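So the chains spell out like this:
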Amino acid sequence: MSLQCGIVGLPNVGKSTLFNCLSNAKAQAANFPFCTIEPNVGVITVPDERLTKLAELVHPKQIVPTTVEIVDIAGLVKGASKGEGLGNKFLANIRETDAILHVLRCFDDENVTHVDGTVNPVRDKEIIDYELQLKDLETVESRIQRVQKQAQTGGDKAAKLSLEVYLKYKAALEQGKSARTVKLDTKDEQKIGRELFLLTDKPVLYVCNVDETSAVGGNSYVEQVRDAVKDEEADILIVAAKTEADIAELETYEDRQLFLAEVGLEESGVARLIKAAYSLLNLETFLTAGPQEVRAWTYRKGWKAPQCAGVIHTDFERGFIRAEVIKYEDYIAYGSEAAAREAGKLGVEGKEYIVQDGDIMHFRFNV
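Please read these numbers as outputs of a predicted model, since none were measured by experiment.

## Observations concerning the pattern of salt bridges
Then, number 1: Considering all chains together, one arrives at 21 salt bridges under this definition.
Then, number 2: Among the salt bridges present, the one from Arg226 reaches Glu223, with a minimum N-O distance of 3.6 Å. Of the two residues, Arg226 and Glu223 are both situated in helix H7 (residues 220–228); the distance of 3 residues between them amounts to about one turn of the helix.
Then, number 3: Relative accessible area serves as the criterion here: at 37%, Arg226 is assigned to the partly exposed category.
Then, number 4: Glu337 serves as the salt-bridge partner of Arg341, at 3.1 Å between the closest nitrogen and oxygen. Of the two residues, Arg341 and Glu337 both sit in helix H14 (residues 337–342), 4 residues apart, roughly one turn of that helix.
Then, number 5: On the accessibility criterion, Arg341 (41% relative accessible area) is partly exposed.

Structure follows, in structure tokens:
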């Protein structure tokens, strides 16, 4: 399952520095706008301690974690929706992603210029929001023109429902609200909304890029952001990108952990960001464990057993018979599949079983 999070923000807020920490790919991190002309894509391993613990019991030939793609998109500026800077190209790159990581500068540094002269993360957020909202309004108005006549004079029920949905979005966007704030009541309305592929309808995580001294508790800039987004369906993550870059340069795991401890962090901001991105995409993980490999598989939260079987192979879903499920905690407690089975901790589940994060699964199928 190939899914992408796009890193967006104004120039010089720390997007590329953060991307460099996330990926082996090295985007150019320079002190001027538009240093990232083409979007950089990194395939990022999702940290999952459960794989390591399972491998200690199973001793597989290999461990295969799950991944998320992170796209570093060059900085947007005022007027991007009208093509200012490299706006249209950047907006097209955002449209192709599944979720947005919006990086906001929450640190003072006279050596790093700000495109608008002063540090103000709420203003920066509003600039990006405004540009994306303008582009979405353009999309919605185009759709309204396409269906309005049919809906009002042709008696076309589908066109009428579409128009109602488009008008809901138009009203919100004209008020300076993002599309994700619009509530659509029925599945038909939600389907129409999804098919618009609106930029501001994507789930968003605000990443507050702070200095090292603010890495644990944040600062006044972070509090301003927190207050500004309190009515949005969005989370905030505090990361010190420059500190994360220093950590990434250390060669051993032990050295990195010592550095984190000195700063006061239990887990790196990069690891927290990757997990948050995974969650933002509404993803969870089921596991398989055997002598060949211990592996994490990505699925959408709420999927049933046959859909998850299809993640491994389409034949598994097409010929699904049943799923054998051991909860991760039970597998660890009993030490093996055989011991868990003997203790009655292996469940046999059918087509309606909703898979839970961390389920260790074996699928039976016939095609």
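That covers the picture; the talk isn't over yet.
## Comments concerning helix H11 (residues 305–312)
Then, number 1: Burial in H11 covers these residues: Ala305, Pro306, Cys308, Ala309 and Gly310.
Then, number 2: The elements touched by buried residues of H11 are strand E8 (283–289), strand E9 (293–300), helix H12 (314–318), strand E10 (320–326) and strand E12 (360–365).

## A closer look at the nonpolar core
Then, number 1: Counting 59 residues, the largest nonpolar core has Leu22, Ile70 and Leu101 as the members making the most contacts within it.
Then, number 2: The biggest single contributor to this core is helix H10 (residues 269–280), with 6 residues.
Then, number 3: Not counting the four nearest positions on each side in its chain, Leu101 is found in contact with Cys5, Gly6, Ile7, Val8, Ile70, Leu205, Val207, Leu273, Ala277 and Leu280.
Then, number 4: Of all hydrophobic cores here, the second largest spans 18 residues; its members include Val147, Tyr166, Val182 and Leu184.

## Some remarks on empty space enclosed by the protein
Then, number 1: Taken as a whole and assessed by the stated rule, the structure comprises 1 cavity of 30 Å³ or more.
Then, number 2: Within this model, the largest cavity holds a volume of roughly 50 Å³.
Then, number 3: What lines the largest cavity is Ile100, His102, Ile128, Asp129, Leu132, Arg180, Thr200, Val204 and Tyr206.
Then, number 4: Sorting the residues of the lining of the largest cavity by element identifies strand E5 (99–105), helix H4 (121–153) and strand E6 (204–209) as the ones contributing at least two each.
Then, number 5: Per-element accounting of the lining of the largest cavity gives the leading share, 3 residues, to H4.

Calculation notes
Residues numbered from 1 in each chain as written. Predicted model: local features only at pLDDT ≥ 70, side-chain atom pairs only at ≥ 80, totals over all residues. Heavy atoms only, no water. Salt bridge = Lys/Arg side-chain N within 4 Å of Asp/Glu carboxyl O. Helix = DSSP H or I, 4+ residues; strand = E, 2+ residues; numbered from the N terminus. Buried < 20%, exposed > 50% of the residue type's maximum accessible area, 1.4 Å probe, protein only. Contact = heavy atoms within 4.5 Å. Core = buried A, V, L, I, M, F, W, Y, C linked by side-chain atoms within 4.5 Å. 1 Å grid on protein atoms, 1.4 Å probe; cavity = no way out; pocket = protein on both sides within 12 Å on 5 of 7 lines; lining within 4 Å. Points joined across faces, edges and corners; volume = space filled by probe spheres on them.

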